[in-house]
Amino acid sequence: MSNNSSRTILYSPSQIGTVLRVARERSCQVERRTKRYLAHALGITERRLTNIEEGHSIPPFELAIDWCRIVQDYTALDKIKHIYQVGLPATDPRL
């Protein structure tokens, strides 16, 4: 019996910024779609938020989790957990 400790990653760490940007942009609450609101809620600068969304900076796990919770995007939350290897990949419930 072999030990298969490697996990298949469906989402790359390079996609973190895109996942978070899309989560912000599709927030159900209009005010939470703005960089100003989200940066203030996260306690970071708008410049840092932009750097994360553009992929120039990788956020700490806790910041990425808070981001998804603030904009209430739980599919993005599942994707982030998977990228950081603490959860299973997000799946479509219709499957």
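Numbers given for residues are sequential positions, taken from 1 along each chain in its written order. A pLDDT threshold of at least 70 governs which residues receive local features in this predicted model, and a stricter bar of 80 or more applies before side-chain atom pairs are shown or counted, although totals over entire chains, interfaces and linings include all residues. Side-chain metrics in this entry use all non-hydrogen atoms of the structure; hydrogen atoms and water are not considered.

How would you summarise the environment of R48 if you had to cite specific residues and measurements?
The secondary structure listing takes helices from DSSP runs of H or I that are at least 4 residues long and strands from runs of E that are at least 2 residues long, numbered from the N terminus. Within the fold, R48 resides in helix α3 (residues 46–53). Residue burial is assigned from relative accessible area. The probe radius is 1.4 Å, only protein chains are included, and a residue is buried under 20% of its type maximum, exposed over 50%, and partly exposed in between. With relative accessibility at 33%, the residue R48 sits in the partly exposed group. Placed 10 residues apart in sequence, R48 and I58 show a C-alpha to C-alpha distance of 10.0 Å. The criterion used for residue contact is that any of the two residues' heavy atoms lie within 4.5 Å. The residues contacting R48, other than those within four sequence positions of it, are P60 and L63.

Quick one: what's the story with the packing of helix α1 (residues 16–25) against helix α5 (residues 74–83), residue by residue and with numbers?
Relative placement of two packed helices is described by the angle separating their axes and the distance separating the axes. Orientation is described by axes fitted as lines to C-alpha atoms, over the contacting stretch for helices, and by angles from 0 to 180 degrees between their N-to-C directions. At a closest axis distance of 10 Å, the pairing of α1 and α5 adopts a crossing angle of 165°. Accordingly, the angle class assigned to the pair α1 and α5 is roughly antiparallel. α5 is crossed by α1, and the crossing has left-handed handedness. Here I16, V19, L20 and A23 of α1 come into contact with α5, specifically with A76, K79, I80 and I83. Across the contact of α1 with α5, the residue classes break down as seven nonpolar, no polar and one charged. In this scheme, roughly parallel covers angles under 35 degrees and roughly antiparallel covers those over 145, while 65 to 115 is roughly perpendicular and the rest are oblique. For any pair of crossing helices, the crossing counts as left-handed if the nearer helix is rotated counterclockwise from the farther one by less than a right angle, and right-handed if it is rotated clockwise. For this classification, Asp, Glu, Lys and Arg are treated as charged, while Ala, Val, Leu, Ile, Met, Phe, Trp, Tyr, Cys and Pro are nonpolar and the rest, including Gly, are polar.

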